[in-house]
Amino acid sequence: MASPQNFASKLTALVVDDHKIYQKVHQKMLNNFGVKSHVVENGKEAVDIHWHGKKFDLILMDMDMPIMNGIEATKELRAMGVCSTIVGVTSRSTEEEILKFMEAGLDDYQEKPLTIPKLTSILHKIINSNPI
Amino acid sequence: MEKNQSRMQLVAMKQSFFDQGLLDEQFIQLEELQDDVNPNFVEEIVILYYGDSLRLISSIEQALKERNLLDFNKLDTLMHQFTGSSSSIGAKKVKAECNLFREYCRAGNIEGCMKSFQQCKKEYASLRKKLEAYFQLARQVGSSEAACRSK
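Chain A is annotated in an unreviewed UniProt entry as Two-component response regulator ARR22-like protein of Trifolium pratense.

So this is what it looks like as structure tokens:
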């Protein structure tokens, strides 16, 4: 049974994934920590939402998505000056693929599925680097 | 008494999924996300998985019909999606069969692909049947507990 740990309740997050299951699971994980989250289905929507002025403390970025993939989206967001923590979350796991994704501008990379301990660690890092 | 027996049956059923290697820790992660706000969260996710799986199995079947002109890249991409989907609920055996299929794909082994796909479908069907029985019992246990609380 989940017990909400609201230590991250001042944070906001963007889930970028075309897979409905991962959208729901990652959003629920974030909500259980008190993080306000938004979901988009591909990299282009992630870029567009930032063009509209939205900002997030954390972006969970999938790699394989239609229209614009995670690598392209991460490059564009960094080129726009987006400084959010971007964590690549993908089931791809060859070294070459991970390196390519990291080089696009990720702060971290996690293999899917994301777990509660992994997300806890990510959120703690964000809070510790931006004390409120 | 009956309620306790049903609850014990539910626990035993779930344990058997792990003992038989059908599910892994990811299923437990999903259960940890379930709460009073989303009391049917796990079942909702599993239902999404069924929908996803049917679509992907159908696409792979279509792609495998072109026996003499198999597009191994397309097959690998589809199976990668099925693997990811299966991972999301902790469907361990299904995922293992998907990975075997992908190895055959990479080796361009048509017969291997055909055999392992049949095994994939078999494992998926078996898991689905067991999960459906599990959630049906879980709902019965849940509704009898709710009825007791309202007395």
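So that's the structure; there's more coming.
Draft legend 1. Up close: the overall build of chain A. A tally of regular secondary structure across chain A gives five helices and five strands. Scanning chain A from its N terminus toward the C terminus, one meets helices and strands in the order β-α-β-α-β-α-β-α-β-α. Its C-alpha radius of gyration of 14 Å places chain A within 12% of the 14 Å reference for a compact globule of 132 residues. In chain A, which comprises 132 residues, the share counted as buried stands at 51%. For chain A, the share of sequence-separated contacts (at least 6 apart) that also reach a separation of at least 24 residues comes to 65%. For chain A, the exposed area adds up to about 6500 Å²; of that, 52% sits on carbon and sulfur atoms.

Draft legend 2. Layout of the UniProt feature "modified residue: 4-aspartylphosphate" (unreviewed entry) in chain A. Residue and element names in this part refer to chain A. The UniProt record marks Asp 62 with the feature "modified residue: 4-aspartylphosphate" (unreviewed entry), using the residue numbering of this structure. Among the secondary structure elements, Asp 62 is positioned in the loop between strand S3 (58–61) and helix H3 (70–79). Every residue in contact with Asp 62, bar those within four places of it in the chain, is listed here: Val 16, Asp 17, Asp 18, Gly 70, Val 89, Thr 90, Phe 101 and Lys 112.

Draft legend 3. Focus on the sheet that holds strand S2 (residues 36–40) of chain A. Residues and elements named next belong to chain A. Taken together, the five strands give an open sheet; going across it, the order is S2-S1-S3-S4-S5, and neighbouring strands pair in parallel fashion. Of all the strands in the sheet, just S2 and strand S5 (108–111) have a single pairing partner and so form its edges. Each neighbouring strand pair of the sheet contributes to a mean axis angle of 20°, computed without reference to strand direction. Pairing of strand S1 (residues 12–16) with S3 involves four bridges; the strand directions are parallel. Its bridge partner being in S3, Ala 13 is matched across the sheet by Leu 58. Packing against the sheet, helix H4 (residues 95–103) makes contact with S3, strand S4 (85–90) and S5, and its axis sits at approximately 145° to S5.

Draft legend 4. Quick look at the interface of chain A and chain B. Each partner contributes to the interface: chain A provides 18 residues, whereas chain B provides 20 residues. Here Lys 24 of chain A makes a salt bridge to Glu 44 of chain B, at a shortest N to O gap of 3.2 Å. Linking chain A with chain B are seven residue pairs in polar contact (both at pLDDT 80 or more). Of all elements in the fold, only helix H1 (20–32) and helix H5 (116–129) of chain A reach the threshold of two or more residues within the side of chain A that touches chain B. If you tally residues by element for the side of chain A that touches chain B, the top one is H1 of chain A, at eight residues. Residue composition of the side of chain A that touches chain B, grouped by class: nine nonpolar, four polar and five charged.

Draft legend 5. Structural view of unusual backbone geometry. Residue and element names in this part refer to chain A. For the bond running from Lys 112 to Pro 113, omega is -5°, close enough to zero to count as cis. Of note in this structure, Ile 67 is not a glycine but carries a positive phi near 70°. Relative to the assigned elements, Ile 67 resides in the loop between S3 and H3.

Draft legend 6. Geometry of the layout of surface pockets. One number sums up the size of the second largest pocket: a volume of about 420 Å³. If you go around the second largest pocket, you meet 21 residues; those closest to its centre are Asp 17, Asp 18, His 19 and Asp 64 of chain A together with Gln 81 of chain B. Listing elements by their share of the lining of the second largest pocket, those giving two or more residues are H1 of chain A together with helix H3 (41–65) and helix H4 (72–89) of chain B. Partitioned by chemical class, the residues of the lining of the second largest pocket number six nonpolar, six polar and nine charged.

Thresholds, definitions, all that
Residues numbered from 1 in each chain as written. Chains lettered and ligands numbered in written order. Predicted model: local features only at pLDDT ≥ 70, side-chain atom pairs only at ≥ 80, totals over all residues. Heavy atoms only, no water. Helix = DSSP H or I, 4+ residues; strand = E, 2+ residues; numbered from the N terminus. Rg over C-alpha atoms; globule rule 2.2 N^0.38 Å. Buried < 20%, exposed > 50% of the residue type's maximum accessible area, 1.4 Å probe, protein only. Contact = heavy atoms within 4.5 Å. Areas by Shrake-Rupley, 256 points an atom, 1.4 Å probe, with all protein chains shown as cover. UniProt positions renumbered as here; feature names shortened; annotations may be inferred. Pairing = 2+ DSSP bridges. Axes fitted to C-alpha atoms, helices over the stretch in contact; angles between N-to-C directions. Salt bridge = Lys/Arg side-chain N within 4 Å of Asp/Glu carboxyl O. Polar contact = N/O pair within 3.5 Å; in protein donor to acceptor, adjacent residues only side chain to side chain. Nonpolar A, V, L, I, M, F, W, Y, C, P; charged D, E, K, R; others polar. 1 Å grid on protein atoms, 1.4 Å probe; cavity = no way out; pocket = protein on both sides within 12 Å on 5 of 7 lines; lining within 4 Å. Points joined across faces, edges and corners; volume = space filled by probe spheres on them.

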